[in-house]
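# Secondary and tertiary structure notes
Residue-level listing of the chains:
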Amino acid sequence: MSFSVMLGMLTEGFLVSLQIFFFTIAGAVPLGVVVALGRMSRVAPLRWIVRIYISIMRGTPLMLQMFAIYFAPYYLFGIQLTPDSKWQATIAAFIVNYAAYFAEIYRSGLQSIPHGQYEAAEVLGYSRGQTFCYIVLPQVVKRILPAMGNEIITLVKDTSLAFSIGVAEMFSTAKALVASQVSMVPFAIAAVFYWVFNFLVELVLAAAEKKLSYYHD
Amino acid sequence: MASTQSIMALSGARKAFGEHEVLRDVSLEVARGEVVAIIGPSGGGKSTLLRCATLLEKLDGGSLAFGDIIAARDEDGRAVYAAGDELKRARSRFGLVFQNYNLFPHRTVMQNIADAPVRVQKRPRAETEREARELIQKMGLVGCEDKVPCQLSGGQQQRVSIARALALHPDILFFDEPTSALDPELTAEVLRVIKTLAAERMTMVIVTHEMGFAREVADRVVFLDGGMIVEEGTAEQVIDHPCEERTRAFLSKIAE
């Protein structure tokens, strides 16, 4: 098999990896806000439920979570698994797992905003919604960017975990090629793909940080 | 005389944090155009008084009114607060200048000053920006419009926060030790601005450690200690010729 054929197959796999990545970002970034608000809720039972949720999501392997979500409908409700189930379970597991991590980052950002900011806003007459949107949120975004960058880069590499459940993303393709071609080259190409994409992610994050560097506090 | 119109009336104010009584039966009424300086040792209740008057802290007992707006009324010794809308109206009557400014760090000077009038009071942007420019000029901040707070000195930041409060046209302005975070040189420029406001008969309540300044601007000086008003009167009476032993002890201590 020629190099270019391998490259083509890996590229195809990488597009699947990218889908996992973007679906997870699109789902976990907003879901994390809901989880963070629950984690900081004044309602104690809700706060505890969310704490347990976060603890399980962070305390067990994402790979096991994928299996759990994949098999749960069958074992709990006897729902027949379809070929699409694997894909849906993968995306669902990635989203709920990453939402837990994002939520804790959001919480750290929210709690780092000085109380005086809220007091100044209150005295000036801003509503709670206005205070959050115009005063707190922009400052939180700046503060959490580095931590979010870490998680986002980890996510790019974590997409390879979908291999374990049989989703044909890039790592699965690379593994299959290594076996069939008796060559380590596919792994090397896969590594380059992950690294180049993460390099682009770093550039975007650096640009965002630079854009927000017009002030410090 | 029309000058006796009451702008703020605090009566029988009580406030405790746990077992610790911070305010015990404090009453303070401020008339339009009056400048009141509150002095006293730290822990005496000055900041709590200001925080209660600006609704950042709730009274346990007593009443609080801004003109015709009753923010809290006394019911059998308990302070009962008005509904949210009424408190919102009450908030529109006063401004507060914090010790550490509390400017919004991600916003320019112009945005810090002109945003609340637009978003909170729903006034047209063009009008509020024109007013903000006048305030910037008055505060000696021309050229700083598009700077963010971290690019300014402490004295400039405090003047921005005064402008931010004034932009909402408050009837009364509260200052919580406005110069405590500043070195002497920067203190002077902030005090100069407050003096200008006093000359324009802006109603103000100022918690301060600057006795010289209090003597110069205040129509009335209130000495607060142990959660009570120990003594009040003109600056000459309270600072220069105090009757009470506690006032004398405090003044001699800070004169050292």
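Every value quoted in this text rests on a predicted model; they were computed, and no experiment measured them.

Cut-offs applied
- Residues numbered from 1 in each chain as written.
- Chains lettered and ligands numbered in written order.
- Predicted model: local features only at pLDDT ≥ 70, side-chain atom pairs only at ≥ 80, totals over all residues.
- Heavy atoms only, no water.
- Contact = heavy atoms within 4.5 Å.
- Buried area = accessible area lost by both parts, 1.4 Å probe.
- Salt bridge = Lys/Arg side-chain N within 4 Å of Asp/Glu carboxyl O.
- Polar contact = N/O pair within 3.5 Å; in protein donor to acceptor, adjacent residues only side chain to side chain.
- Helix = DSSP H or I, 4+ residues; strand = E, 2+ residues; numbered from the N terminus.
- Buried < 20%, exposed > 50% of the residue type's maximum accessible area, 1.4 Å probe, protein only.
- Phe/Tyr/Trp six-rings, centres within 6.5 Å; stacked < 30°, edge-to-face > 60°.
- Lys NZ or Arg CZ within 6 Å of the ring centre and 35° of its normal.
- Pairing = 2+ DSSP bridges.
- Axes fitted to C-alpha atoms, helices over the stretch in contact; angles between N-to-C directions.
- Core = buried A, V, L, I, M, F, W, Y, C linked by side-chain atoms within 4.5 Å.
- Parallel < 35°, antiparallel > 145°, perpendicular 65-115°, else oblique.
- Left-handed = near helix turned anticlockwise from the far one by under 90°.
- Nonpolar A, V, L, I, M, F, W, Y, C, P; charged D, E, K, R; others polar.
- Right-handed = clockwise from strand over helix to strand, strands pointing away.

## Considering the interface of chain A and chain B
The partner chain B presents 23 residues to the 19 residues of chain A that form the contact. A combined buried area of about 2,000 Å² lies between chain A and chain B, and 62% of that area is made up of carbon and sulfur atoms. Where chain A meets chain B, there are two salt bridges. Of the charged contacts in the structure, one is a salt bridge between Glu119 of chain A and Arg51 of chain B, with a shortest N-O distance of 2.7 Å. Applying the counting rule to chain A against chain B returns eleven residue pairs in polar contact (both at pLDDT 80 or more). For the side of chain A that touches chain B, the elements supplying multiple residues, two or more each, are helix H5 (115–124) and helix H6 (128–158) of chain A.

## Thoughts on the pattern of salt bridges
Residue and element names in this part refer to chain B. On inspection of all chains with the given rule, the structure shows 24 salt bridges over all chains. A salt bridge links Arg93 to Asp68; the shortest N-O distance between them is 3.1 Å. Taken as a pair, Arg93 in the loop between helix H2 (84–91) and strand S7 (94–97) and Asp68 in the loop between strand S4 (61–66) and strand S5 (69–75) lie far apart in primary sequence, 25 residues in all. The exposed category is assigned to Asp68, whose relative accessible area is 57%.

## Re the packing of aromatic side chains
Each pair of aromatic rings is reported with the distance of its centres and the angle of its planes. All names here are of chain A. All chains considered together, the criterion is met by 20 aromatic pairs over all chains. Taking 6.2 Å as the distance between ring centres and 45 degrees as the angle between the ring planes, the aromatic pair formed by Tyr98 and Tyr101 counts as tilted. Note that Tyr98 and Tyr101 are positioned in helix H4 (residues 83–112) at a spacing of three residues, about one turn of the helix. If you follow Arg51 out to its NZ or CZ, it ends over the ring of Trp48, 4.9 Å from the centre. Just above the ring of Tyr215 sits the side chain of Lys142; from NZ or CZ to the centre is 4.4 Å.

## Things to note about the sheet that holds strand S9 (residues 203–207) of chain B
Residues and elements named next belong to chain B. Spatially, S7-S8-S9-S3-S10-S11 is the arrangement adopted by the six strands of the open sheet, whose pairing is mixed. Two strands bound the open sheet, and with one partner strand each, they are S7 and strand S11 (228–233). Taken pair by pair, the neighbouring strands of this sheet meet at an average axis angle of 20 degrees, ignoring direction. Sheet topology places strand S8 (residues 172–176) next to S9; five bridges connect them, and they run parallel. By the bridge assignment for S9, Asp176 is matched with Val207.

## Re the sheet that holds strand S1 (residues 6–17) of chain B
Residues and elements named next belong to chain B. If you walk across this open sheet you meet the five strands as S2-S1-S4-S5-S6, and the pairing is antiparallel. Unpaired on one side and paired on the other, strand S2 (20–31) and strand S6 (78–81) mark the two borders of the sheet. Looking at each pair of strands side by side, their axes are set apart by 20 degrees on average, direction ignored. Sheet topology places S4 next to S5; three bridges connect them, and they run antiparallel. Following the sheet pairing, Phe66 is matched in S5 by Ile69. Each of S1, S2 and S4 touches helix H1 (residues 46–53); the most contacted strand, S2, lies at about 60 degrees to it. Strands S4, S5 and S6 of the sheet are contacted by H2, whose axis makes an angle of about 120 degrees with S5.

## Focus on the nonpolar core
One recurring pattern in soluble globular proteins: nonpolar side chains tend to sit buried together. With 51 residues, the main nonpolar core has Leu10, Phe94, Tyr98, Met170, Phe197 and Val201 of chain A as its most contacted residues. Of all elements in the fold, only helix H1 (3–39), helix H2 (44–59), helix H3 (62–77), H4, H6, helix H7 (170–181) and helix H8 (185–211) of chain A reach the threshold of two or more residues within this core. Take this core: its biggest share by element is 13 residues, from H4 of chain A. The contacts of Met170 of chain A, once residues within four sequence positions are left out, are Leu10, Gly13, Phe14, Ser17, Ala190, Phe193 and Tyr194 of chain A. If you look at the next biggest cluster of nonpolar residues, it comprises 44 residues, including Tyr126 of chain A together with Val30, Phe66 and Ile69 of chain B.

## Some details on the environment of Asp225 of chain B
Residues and elements named next belong to chain B. Examined against the element boundaries, Asp225 turns out to sit in strand S10 (residues 220–225). Between the alpha carbons of Asp225 and Gln111 there is a distance of 39 Å; along the sequence they are 114 residues apart. Apart from the residues within four sequence positions on either side, Asp225 is in contact with Pro41, Gly44, Val230 and Arg246.

## Re the pairing of S7 of chain B
All names here are of chain B. Burial along S7 is two-sided: the residues Phe94 and Leu96 and Gly95 and Val97 are all buried. Pairing of S7 with S8 involves four bridges; the strand directions are parallel. If you follow Phe94 over to S8, its bridge partner there is Ile172.

## Re the packing of H2 of chain A against H4 of chain A
Residues and elements named next belong to chain A. Running from N to C, H2 and H4 point in directions that differ by 115 degrees, and their axes come no closer than 9 Å. In terms of their interaxial angle, H2 and H4 are classed as roughly perpendicular. As H2 runs across H4, the sense of the crossing is left-handed. Between H2, through Tyr53, Ile54, Met57 and Arg58, and H4, the contact on the second element is made entirely by Val96, Asn97, Ala99, Ala100, Tyr101 and Glu104. Among the residues forming the contact of H2 with H4, the class breakdown is seven nonpolar, one polar and two charged.

## Side note on the pairing of S9 of chain B
Residues and elements named next belong to chain B. Among the five residues of S9, five are classified as buried, and the element is accordingly described as predominantly covered. Judged by which residues are buried, S9 turns out to be covered on both faces: Thr203, Val205 and Val207 on one side and Met204 and Ile206 on the other are all buried. Bridge count between strand S3 (residues 35–39) and S9: four bridges; the pairing is parallel. Across the sheet, residue Val36 finds its bridge partner in S9, namely Val205. Taken together, S8, helix H6 (residues 184–199) and S9 form a β-α-β motif whose crossover is right-handed.

From the geometry alone we can't say anything about function, so treat these as descriptive.
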